[in-house]
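Chain by chain, the residues run as shown.
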Amino acid sequence: MKDQDYFNVVAGVLAVAVVVMAGVLLVAFPSSGGTTATTSTSGQTSYVNLTVSINATTGWPQYSPANFDVSQGKVVVTITDHDAVANWTGCPCAVKGTVNGVETINGTPYNTVPTANVAHTFSIPALGLNVLSPGQSVVSFTVDVANAGSFSWFCMSPCGTGPGGFTGGPMSTSGYMNGTMTVS
Ligand SMILES: [Cu+2]
């Protein structure tokens, strides 16, 4: 018998032995309750639906919900923006911090959003996230969140129309153009 043949025979015997041992172990230690695996939270995908609409009492644009919970992993966010079309010349309109660096607006992907209609942004500096939300549109993006924690988001667009001018009203009132995404 050549050395190579001998090696093949030994390898074959070992392979059979491993399979038999695995079977013995399965019989000896059946998993309790039929559960064979636990689900890792890092593999989950969370879905968040936000709307931007005009608050009937204050007349200010408002994200809803402003505060929400997600799981670690991929977070798919959809923003339905009912606010009016608004031009923001010179806006920081590059999409940042999303999966593939894109957001879709009414189904079309963008890396940079035209300034002609950017009513609001959804920005989380701690995650390097910047997403633009044009008025009268549906925006969607995915952000991969590796760590648990509380992440403050806010709108960078000067959309305030109340006391304090463009940085007042909804920009400076909790729950309108700012809030918290809690990741666990
Ligand atoms: Cu805004």
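All figures in this text were calculated on a predicted structure; none of them were measured in a lab.

Student: Kindly report on the nonpolar core, identifying the contributing residues and their values.
Tutor: Where a protein is soluble and globular, its nonpolar side chains tend to be buried together. Counting 28 residues, the largest nonpolar core has Val131, Val143 and Met177 as its most contacted members. Mapped by element, the contributors of at least two residues to this core are strand E4 (73-81), strand E8 (129-133) and strand E9 (137-145). For this core, the element with the highest residue contribution is E9, accounting for four residues. Setting aside residues no more than four positions away along its own chain, Met177 makes contact with Tyr63, Phe154, Cys155, Cys159, Pro170 and Met171.

Student: Describe in detail the pairing of E4, supporting the description with residues and values.
Tutor: Pairing geometry for strand E1 (residues 45-54) and E4, over eight bridges, is parallel. Residue Thr51 lies in a different strand from E4, and its bridge partner there is Thr80. As paired elements, E4 and E9 share nine bridges and run antiparallel to each other. Within the sheet, the bridge partner assigned to Gly73 lies in E9 and is Val145.

Student: A description of the sheet that holds strand E5 (residues 103-105) should follow, citing residues and the corresponding values.
Tutor: The six strands lie next to each other as E2-E1-E4-E9-E5-E6, forming an open sheet whose pairing is mixed. Taken across any chain shown, the strands that pair with only one partner, and hence form the sheet edges, are strand E2 (61-64) and strand E6 (108-110). The mean inter-strand angle of the sheet, taken between neighbouring strand axes irrespective of direction, is 25 degrees. Here E5 runs beside E6; their pairing, made up of three bridges, is antiparallel. Considered in E6, the bridge of Ile105 is made with Thr108.

Student: Run through unusual backbone geometry, naming residues and quoting values.
Tutor: Ser64 connects to Pro65 through a cis peptide bond whose omega is -5 degrees. Phi angles above zero are rare outside glycine, and Asn100 is one such case at about 70 degrees. Structurally, the position occupied by Asn100 is in the loop between E4 and E5.

Student: Can you lay out the confidence of the model for the chain for me, pointing to particular residues and giving the numbers?
Tutor: Residues of the chain with pLDDT of at least 70 account for 74%, and the chain-wide mean is 83. Contacts for the low-pLDDT stretch residues 13-42, under 50 throughout, to residues beyond four places or in other chains number six contacts.

About the thresholds
Residues numbered from 1 in each chain as written. Predicted model: local features only at pLDDT ≥ 70, side-chain atom pairs only at ≥ 80, totals over all residues. Core = buried A, V, L, I, M, F, W, Y, C linked by C-beta atoms within 7 Å. Buried ≥ 20, exposed ≤ 12 C-beta atoms within 10 Å, placed from the backbone. Helix = DSSP H or I, 4+ residues; strand = E, 2+ residues; numbered from the N terminus. Contact = placed C-beta atoms within 7 Å. Pairing = 2+ DSSP bridges. Axes fitted to C-alpha atoms, helices over the stretch in contact; angles between N-to-C directions. pLDDT = per-residue confidence, 0-100.

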